[in-house]
Amino acid sequence: MKRFDVIVVGGGPAGAIAAMHCGGRGLETLLLEKARLPRYKPCAGGLTAAASRELGFELDGTVVERSCSGVRIRIRGEYRTVTADGPVFYTVRRELFDENLCRKAADSGTVLHDGEGISDLRRDGRKTVVTTNIDRYLADIVIGADGFHSLVRRSLGVKFTRDEIKFCVLCEVPVPEEMVNSRFGDMLQVDYDYVDGGYAWIFPKRESVTCGIGGALSDSKSFPDKLRRFLHMNGLDTGVRIKGGFLPTTRFRQPVYGDGVMLAGDAAGFVDAFTGEGIRFAIISGKLAAKTAQECHERGDFSQEAFSVYQSCCENAFGGDLVYAARITDLFSRFSEFVKSTIVKHSGLLKGYLKTMTGEMDYRTFFESIKRRIPLVVLKRLLLLQPEAEDTPA
Ligand SMILES: Cc1cc2nc3c(=O)[nH]c(=O)nc-3n(C[C@H](O)[C@H](O)[C@H](O)COP(=O)(O)OP(=O)(O)OC[C@H]3O[C@@H](n4cnc5c(N)ncnc54)[C@H](O)[C@@H]3O)c2cc1C
């Protein structure tokens with residue numbers, strides 16, 4: 001049986017970045033991706049400036065479809081435009097973006113096997129035996145970056161609760177480049193009037209736009225019809241294929257590690273509940289998993305206790321953002337009209353929204369700036385409402 005210091009499961013941003021950093025740190029690393037690359041991933045392909053900075057390298061020009069410097073928002077029937085001096089957001093095609101990251105991981109010395117998915121993993125003494133559709137391997141450390149349906153997460157017995165899961169539908173609408181330029185330019189379009197507690201969007205790409213709707217799982221059955229109506233309303237082709245996907249928005253209620261194992265990205269539930277941004281937290285958690293892997297490797301300690309530091313590192317790095325993103329979502333869904341009219345009245349809040357994308361403002365500060373404009377009586381009601389956790393088979 002072939003032996004590795006680290007086996008990374010999943011070649012999305014979390015896995016590719018984890019593998020790139022493990023390889024770069026001199027760990028013998030195997031990256032297993034079950035699909036053949038390039039593989040399709042239902043995603044709007046929005047990369048915030050903050051996420052792009054976390055990559056630590058410039059993205060290849062062929063990967064970036066468009067650099068956007070502002071957002072056009074519809075809220076309470078009114079349109080507001082907010083812009084920055086530089087790019088706040090890039091759009092990418094996930095199949096190319098993810099393949100690019102996996103190839104960079106291979107360049108760092110990681111062994112990359114695409115078309116090879118894991119079907120089982122079990123502890124054997126201090127090591128983990130990983131079984132795939134092709135072979136069996138032995139690893140000191142497994143990084144589970146295998147997305148929402150993560151087999152590695154299920155092996156730890158970790159489940160997402162229903163209130164932690166959001167849902168999005170989306171489609172790619174081909175539009176001639178000149179029309180993308182003239183109608184959308186380098187602006188994202190976000191519509192907060194279209195769906196309760198969520199939003200609809202149009203992200204411009206080079207020769208297409210990605211449109212979608214995201215919100216609560218409980219409302220998701222209506223999303224495909226709503227998306228077609230949204231396309232019609234915006235004069236876009238309604239005959240396109242609609243796809244969907246889950247977004248796990250954990251609030252660190254459960255451990256994201258075990259003996260010899262760490263979870264990263266969607267497998268750990270690291271998605272922003274307010275915007276649905278997951279790539280940024282996939283990248284950061286991938287880097288932190290690699291750092292922890294090296295520390296545990298150096299100490300020769302692969303116990304659950306040794307990996308608990310990984311959870312603390314994630315909580316310190318972006319736990320506050322995920323928690324406050326969930327609070328902002330609660331504000332939006334419970335006091336929708338009130339919060340929206342507050343935002344319409346205060347243009348500074350929209351600047352703050354943009355700054356959360358560039359990383360210049362954290363969510364706590366953004367939440368506080370909304371909160372400051374809300375009467376105490378409404379806030380008290382919000383603080384008294386604690387959603388009940390409920391298990392789901394996810
Ligand atoms: C509709 C939609 C739109 C979104 N839009 C955005 C957006 O615009 N911006 C943003 O930041 N986030 C967005 N997200 C969230 C974002 O897509 C995820 O947070 C991000 O992809 C997480 O990266 P990851 O590497 O953790 O997982 P993934 O990207 O899901 O990658 C997991 C990988 O693991 C592989 N895998 C699964 N099982 C196995 C196995 N058994 N063995 C081996 N490999 C396996 C899969 O094939 C996959 O390649 C969106 C999500 C959805 C559903």
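Because the structure is a prediction, the values reported are computed rather than measured.

About the criteria used
- Residues numbered from 1 in each chain as written.
- Predicted model: local features only at pLDDT ≥ 70, side-chain atom pairs only at ≥ 80, totals over all residues.
- Near = placed C-beta within 6 Å.
- Helix = DSSP H or I, 4+ residues; strand = E, 2+ residues; numbered from the N terminus.
- Nonpolar A, V, L, I, M, F, W, Y, C, P; charged D, E, K, R; others polar.
- Buried ≥ 20, exposed ≤ 12 C-beta atoms within 10 Å, placed from the backbone.
- Pairing = 2+ DSSP bridges.
- Axes fitted to C-alpha atoms, helices over the stretch in contact; angles between N-to-C directions.
- Parallel < 35°, antiparallel > 145°, perpendicular 65-115°, else oblique.
- Left-handed = near helix turned anticlockwise from the far one by under 90°.
- Contact = placed C-beta atoms within 7 Å.
- pLDDT = per-residue confidence, 0-100.
- Core = buried A, V, L, I, M, F, W, Y, C linked by C-beta atoms within 7 Å.

1. Overview of the site of the ligand
- Neighbouring the ligand are 39 residues; Gly10, Gly12, Gly245, Gly265 and Gly278 lie closest to it.
- Those elements that provide at least two residues to the shell around the ligand are helix H1 (13-24), strand S2 (29-33), strand S12 (165-174), strand S16 (243-248) and helix H7 (279-299).
- Residues belonging to the shell around the ligand are distributed by class as follows: 18 nonpolar, 13 polar and eight charged.

2. Here's the deal with the pairing of strand S7 (residues 89-92)
- What you see with S7 is no split at all: Phe89 and Thr91 on one side and Tyr90 and Val92 on the other are buried throughout.
- Two elements, strand S4 (residues 64-68) and S7, share four bridges in a ladder whose sense is antiparallel. For arginine 66, the partnering residue across the bridge sits in S7 and is threonine 91.

3. Thoughts on the packing of helix H10 (residues 347-358) against helix H11 (residues 363-371)
- At a minimum axis separation of 10 Å, H10 and H11 run at an interaxial angle of 170°. Regarding the angle of H10 to H11, the classification is roughly antiparallel. Crossing of H10 against H11: the hand is left-handed. When H10 is examined against H11, the residues Leu349, Gly352 and Thr356 are found in contact with a partner set consisting of Tyr363, Phe366, Ser369 and Ile370.
- Tallied by class, residues from the contact of H10 with H11 come to four nonpolar, three polar and no charged.

4. Some thoughts on the sheet that holds S16
- Taken together, the seven strands give an open sheet; going across it, the order is S6-S5-S13-S14-S15-S12-S16, and neighbouring strands pair in mixed fashion. In the strand order of this sheet, the two ends are held by strand S6 (78-83) and S16, each with one partner. Averaged over neighbouring strand pairs, the angle between their axes works out to 20° when direction is ignored.
- One ladder, built from six bridges, connects strand S5 (residues 70-75) with S6; its direction is antiparallel. Looking across to S6, one finds that arginine 72 is bridged to threonine 81.

5. Details of the environment of arginine 136
- Tracing the sequence through the fold places arginine 136 in strand S11 (residues 136-144).
- Judged by the 11 C-beta atoms lying within 10 Å of it, arginine 136 is exposed.
- The sequence separation of arginine 136 and methionine 1 amounts to 135 residues, and the corresponding C-alpha distance is 6.2 Å.
- Each residue touching arginine 136, except ones within four places of it in the same chain, is listed here: Met1, Val129, Val130 and Thr131.

6. With respect to the confidence of the model for the chain
- For the chain, per-residue confidence averages 92 on the pLDDT scale, and residues scoring 70 or more make up 95% of the total.
- Predicted confidence is poor over residues 386-394, with pLDDT under 50, and the contacts of this stretch with residues over four places away or in other chains come to 17 contacts.

7. Focus: the nonpolar core
- In terms of nonpolar packing, the biggest core is built from 116 residues, with Ile7, Ala18, Ile143 and Ala264 touching the most fellow members.
- Residue contributions to this core peak at 11 residues, all from helix H8 (residues 304-334).
- Setting aside its immediate chain neighbours within four residues, alanine 18 contacts Val8, Ile143, Ala145, Ala264, Gly286, Ala289 and Ala290.

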